[in-house]
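Residue-level listing of the chains:
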2 protein chains.
Amino acid sequence: MDPFMVEALAEARQGLAEGGVPIGAVLVRDGVIIGRGHNGRVQEGNPILHAEIACLRNAGRIGDYRNTVLYSTCMPCFLCGGAVVQFGIPRVVAGEARTGRGSWDWLKSHGVEVVDLDLDECWQLMQGFVGRHPALWAEDCGAFAPR
Amino acid sequence: MDPFMVEALAEARQGLAEGGVPIGAVLVRDGVIIGRGHNGRVQEGNPILHAEIACLRNAGRIGDYRNTVLYSTCMPCFLCGGAVVQFGIPRVVAGEARTGRGSWDWLKSHGVEVVDLDLDECWQLMQGFVGRHPALWAEDCGAFAPR
């Protein structure tokens, strides 16, 4: 498996062990991980703390995202895709997009390169979680929103 | 002035007094403010903590955003607009959009009602800040991103 996705998956599993939503992310620049994080909705009581947002928070004020790649175990949603577009992250690598296509098409329309690794490990982790905690997953997705 | 925008502007001014980017936001449900915040990039060293994100964080896990209105002293950027779309916030009220159109058109394309109050108070606060701190403003905007 892609070594950076291995680390994103480790973040997701740490989140699961904490009782949270099992999605993890890492931010990579020049082959080095400069930020990592996992969804913290439950742990920090923070609805905005999706994995990619936690990762970008933890990377700190790097200022220039032009040479970065954002890895996430899931395809980023519109919140996280919004961060990608706003800060000009040029490349996103997702562990899977079977759980949801998220902001994939919108990211592409903004010139972001999007790769879907379509990994069973990532998908199974989400499937197990969504099956056990459908209400928490709905909350995290903003499932009350008209789609 | 709209009383909720008065509160958003108070948040923005508090941020300025703290040495931060002067943008404020409040989240309103059924005529009551249920969350408020201001940009915390400088204060918390957190690039993701735009005013609207801070406001949504501080509102906590409300789960259902269908009856909420997000007020911001500026038109939300794509990060903050992404949160609006993801969580299904149906209405956004901005203090001004002269500093930038942000995600206005994209929000409208997702059915979000967007109101621009076009207030001199909000615009002058931003103009003064951008003139004094252009590098900080560029950083907050992700200005290195291709646009």
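Residues numbered from 1 in each chain as written. Chains lettered and ligands numbered in written order. Predicted model: local features only at pLDDT ≥ 70, side-chain atom pairs only at ≥ 80, totals over all residues. Heavy atoms only, no water.

### Structural notes on the overall build of chain A
Note the following rule: Helix numbering and strand numbering both begin at the N terminus, where a helix is a DSSP run of H or I of at least 4 residues and a strand a DSSP run of E of at least 2. Both definitions apply: the radius of gyration is a C-alpha atom measure, and the globule rule equals 2.2 Å times residues to the power 0.38. Burial status follows relative accessibility: with a 1.4 Å probe on protein chains alone, a residue under 20% of its type maximum counts as buried, one over 50% as exposed, and anything between as partly exposed. Contact between two residues is taken to exist if any of their heavy atoms lie within 4.5 Å; hydrogens are not considered. Working definition of accessibility: Shrake-Rupley area with a 1.4 Å probe, residue cover restricted to the visible protein chains. Counted as positive: Lys and Arg. Counted as negative: Asp and Glu. His and the chain ends are not counted at all. One atom stands in for each charge, and that atom is NZ of Lys, CZ of Arg, CG of Asp or CD of Glu.
For chain A, the helix and strand inventory stands at seven helices and five strands. Its helices and strands in sequence order give chain A the pattern α-β-β-α-α-β-α-β-α-β-α-α, from N to C terminus. On C-alpha atoms alone, chain A measures out to a radius of gyration of 14 Å, which is about the 15 Å that the 2.2 N^0.38 rule sets for 147 residues. Within the span of chain A, comprising 147 residues, buried residues form 56% of the whole. By sequence separation, contacts in chain A at least 24 residues apart represent 54% of the contacts at least 6 residues apart. Carbon together with sulfur atoms contributes 52% to the accessible area of chain A, which is approximately 5,700 Å² in total. Taking the average location of the 13 positive side-chain charges in chain A and that of its 17 negative ones, the two points are 4 Å from each other.

### Regarding helix 4 (residues 78–87) of chain A
All names here are of chain A. With ten of ten residues buried, helix 4 lies mostly within the body of the structure. Within helix 4, burial applies to Phe-78, Leu-79, Cys-80, Gly-81, Gly-82, Ala-83, Val-84, Val-85, Gln-86 and Phe-87. Following helix 4 by one or two positions, Gly-88 has its phi on the positive side, about 75°.

### Points about the relation of the copies chain A and chain B
Inclusion rule: Overlaid copies result from least-squares superposition on C-alpha atoms, with residues included only where pLDDT is at least 70 in both.
Mapping chain A onto chain B is achieved by rotating through 180° and translating by 0.0 Å along the same axis, at an RMSD of 0.0 Å. In symmetry terms, the pair is related by a two-fold rotation axis. Every residue of chain A has its C-alpha some distance from the rotation axis, and the shortest such distance is that of Gly-82 of chain A, at 2.4 Å. Interface overlap between copies: 100% of the residues of chain A at the interface are likewise at the interface in chain B, consistent with a symmetric, same-surface contact.

### A word on the side chain of Thr-68 of chain B
With respect to the helices and strands, Thr-68 of chain B occurs in strand 3 (residues 68–72). Discounting chain neighbours no more than four positions away, the residues touching Thr-68 of chain B are Leu-27, Val-28, Arg-29, Ile-34, Ile-62, Ile-89, Pro-90 and Arg-91 of chain B.

### Here we look at the sheet that holds strand 5 (residues 113–116) of chain B
Residue and element names in this part refer to chain B. The condition that has to hold: Any two strands with at least two DSSP bridges between them are considered paired. Axis angles are defined between N-to-C directions and span 0 to 180 degrees, where every axis is a line fitted to C-alpha atoms and, for a helix, only to the segment in contact.
The strand order across the open sheet formed by five strands is 2-1-3-4-5, and the pairing between neighbours is mixed. In this open sheet, the two edge strands, each paired with only one partner strand, are strand 2 (32–38) and strand 5. Looking at each pair of strands side by side, their axes are set apart by 15° on average, direction ignored. Bridge count between strand 4 (residues 91–94) and strand 5: four bridges; the pairing is parallel. Residue pairing in the sheet places Arg-91 in a bridge with Glu-113 of strand 5. Across the face of the sheet, helix 1 (residues 3–17) comes into contact with strand 1 (24–29), strand 2, strand 3 and strand 4 while running at roughly 25° to strand 2. Contacts from helix 3 (residues 51–59) reach strand 1, strand 2 and strand 3, with the element oriented near 130° to strand 2.

### Observations regarding the packing of aromatic side chains
Applicable threshold: Working definition: rings of Phe, Tyr and Trp (its six-membered ring) pair if their centres are within 6.5 Å, and the pair is stacked with planes under 30 degrees apart, edge-to-face with planes over 60 apart, and tilted otherwise. Should the NZ of a Lys or the CZ of an Arg lie within 6 Å of a ring centre and within 35 degrees of the ring normal, that charge is described as sitting over the ring.
Scanning the entire structure with this criterion turns up eleven aromatic pairs over all chains. Between Trp-106 of chain A and Trp-106 of chain B the ring centres are 4.1 Å apart and the planes differ by 15°, which places this aromatic pair in the stacked class. Taken together, the residues Trp-106 of chain A in helix 5 (residues 104–109) and Trp-106 of chain B in helix 5 (residues 104–109) connect one chain to another. Given the relative accessible area of 10%, Trp-106 of chain B is considered buried. Between the aromatic rings of Phe-129 of chain B and Trp-137 of chain B, the centroid separation amounts to 6.4 Å while the plane-to-plane angle is 85°, which identifies the pairing as edge-to-face. The exposure classification of Phe-129 of chain B matches that of Trp-137 of chain B, with both residues buried. An aromatic cluster of three or more residues is present, and its members are Phe-78 and Trp-106 of chain A together with Phe-78 and Trp-106 of chain B. For Arg-101 of chain A, the ring lying beneath its charged end belongs to Trp-104 of chain A, and the centroid distance is 4.4 Å.

### A look at the side chain of Asp-140 of chain A
Mapped onto the elements, Asp-140 of chain A comes out in helix 7 (residues 134–141). Look at Asp-140 of chain A and you get buried, because its relative accessible area is 3%. Excluding residues that lie within four positions of it along the chain, Asp-140 of chain A makes contacts with Val-21, Asn-39, Arg-41 and His-50 of chain A together with Gln-86 and Phe-87 of chain B.

### Quick notes on the pattern of salt bridges
Residue and element names in this part refer to chain B. We count it as follows: When a carboxyl oxygen of Asp or Glu is within 4 Å of a side-chain nitrogen of Lys or Arg, the pair counts as a salt bridge.
Taken as a whole, this structure holds 22 salt bridges over all chains when the rule is applied. Among the ionic pairs, Arg-41 bridges to Glu-139, the shortest N-O distance being 2.7 Å. Remark: Glu-139 occurs in helix 7 (residues 134–141) and Arg-41 occurs in helix 2 (residues 41–44); sequence separation between them is 98 residues. Accessibility expressed as a relative area gives 1% for Arg-41, which makes it buried. Ionic pairing is found between Arg-66 and Asp-64, a salt bridge with its closest N-O pair at 2.7 Å. Among the residues examined, Arg-66 registers a relative accessible area of 43% and is labelled partly exposed. You can call Asp-64 partly exposed: its relative accessible area is 22%.

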